[in-house]
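Residues per chain, in single letters:
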Amino acid sequence: MQLASDNDILAVSNPSFELFLLLHYDDSVKNIIFPEEEQILENKKDGKRRYITKRFTDLSGMNPKENPAVGNLASKVDIAIRQEKLLNENIYDAIGRLTCNIGNIIESIRKDNIQI
């Protein structure tokens, strides 16, 4: 089974996209993500929401699924890119590991000067 063609770009954020959102906050890898790695990877439900979603809301004051202001984090994408390098970016080795390559993709697009 083919998962992607040669022209596709695969983006992964394990355990969920909220991991990438947390990266937008200074020192979140050191102060939140690494200390809470086990809970983040387990990502159990806490009421109706998963652990990492609740953790993001606690930090940001936003529900990432409902608040359009989450888009304002784009102004901090350079922080996310820098911090993502501290995590696993290999999407083919993502099972059971905190993994994110979204910042890497953004950086590649910038280097290639691709217009979207």
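All values derive from a computational prediction rather than experimental measurement.

Another point: the pattern of salt bridges. Evaluated as defined, the whole model comprises eight salt bridges. One salt bridge connects Arg-82 with Asp-26, and the closest N-O pair in it is separated by 3.4 Å. One end of the pair, Arg-82, is in helix H5 (residues 77-84); the other, Asp-26, is in the loop between helix H1 (17-22) and helix H2 (28-33), with 56 residues separating them in the sequence. Between Asp-93 and Arg-97 there is a salt bridge whose closest N-O contact spans 2.4 Å. The class of Arg-97 is partly exposed, set by a relative accessible area of 36%.

Before going further, it helps to spend a moment on the packing of H5 against helix H6 (residues 102-112). Running from N to C, H5 and H6 cross one another at 115°; their axes reach a closest spacing of 8 Å. Both H5 and H6 take part in a crossing whose hand is left-handed. Residues Val-77, Asp-78, Ile-81 and Glu-84 of H5 pack against Ile-102, Gly-103, Asn-104, Ile-106, Glu-107 and Arg-110 of H6. Class assignment for the residues of the contact of H5 with H6 results in four nonpolar, two polar and four charged.

With that settled, the discussion passes to helix H4 (residues 51-60). All of the buried residues along H4 are Ile-52, Thr-53, Arg-55, Phe-56, Thr-57 and Ser-60. Looking at the buried positions of H4, the neighbouring elements they touch are H1, H2, helix H3 (37-42) and strand E3 (49-50). Downstream of H4 by a residue or two, Gly-61 has a phi angle that is positive, lying close to 80°.

Looking now at the packing of aromatic side chains. Counted by the stated rule, this structure contains two aromatic pairs. Taken together, a centroid distance of 5.7 Å and an interplanar angle of 45° make the contact between Phe-17 and Phe-20 tilted. Taken as a pair, Phe-17 and Phe-20 lie in helix H1 at a separation of three residues, close to a single helical turn.

Thresholds applied
- Residues numbered from 1 in each chain as written.
- Predicted model: local features only at pLDDT ≥ 70, side-chain atom pairs only at ≥ 80, totals over all residues.
- Heavy atoms only, no water.
- Salt bridge = Lys/Arg side-chain N within 4 Å of Asp/Glu carboxyl O.
- Helix = DSSP H or I, 4+ residues; strand = E, 2+ residues; numbered from the N terminus.
- Buried < 20%, exposed > 50% of the residue type's maximum accessible area, 1.4 Å probe, protein only.
- Axes fitted to C-alpha atoms, helices over the stretch in contact; angles between N-to-C directions.
- Left-handed = near helix turned anticlockwise from the far one by under 90°.
- Contact = heavy atoms within 4.5 Å.
- Nonpolar A, V, L, I, M, F, W, Y, C, P; charged D, E, K, R; others polar.
- Phe/Tyr/Trp six-rings, centres within 6.5 Å; stacked < 30°, edge-to-face > 60°.

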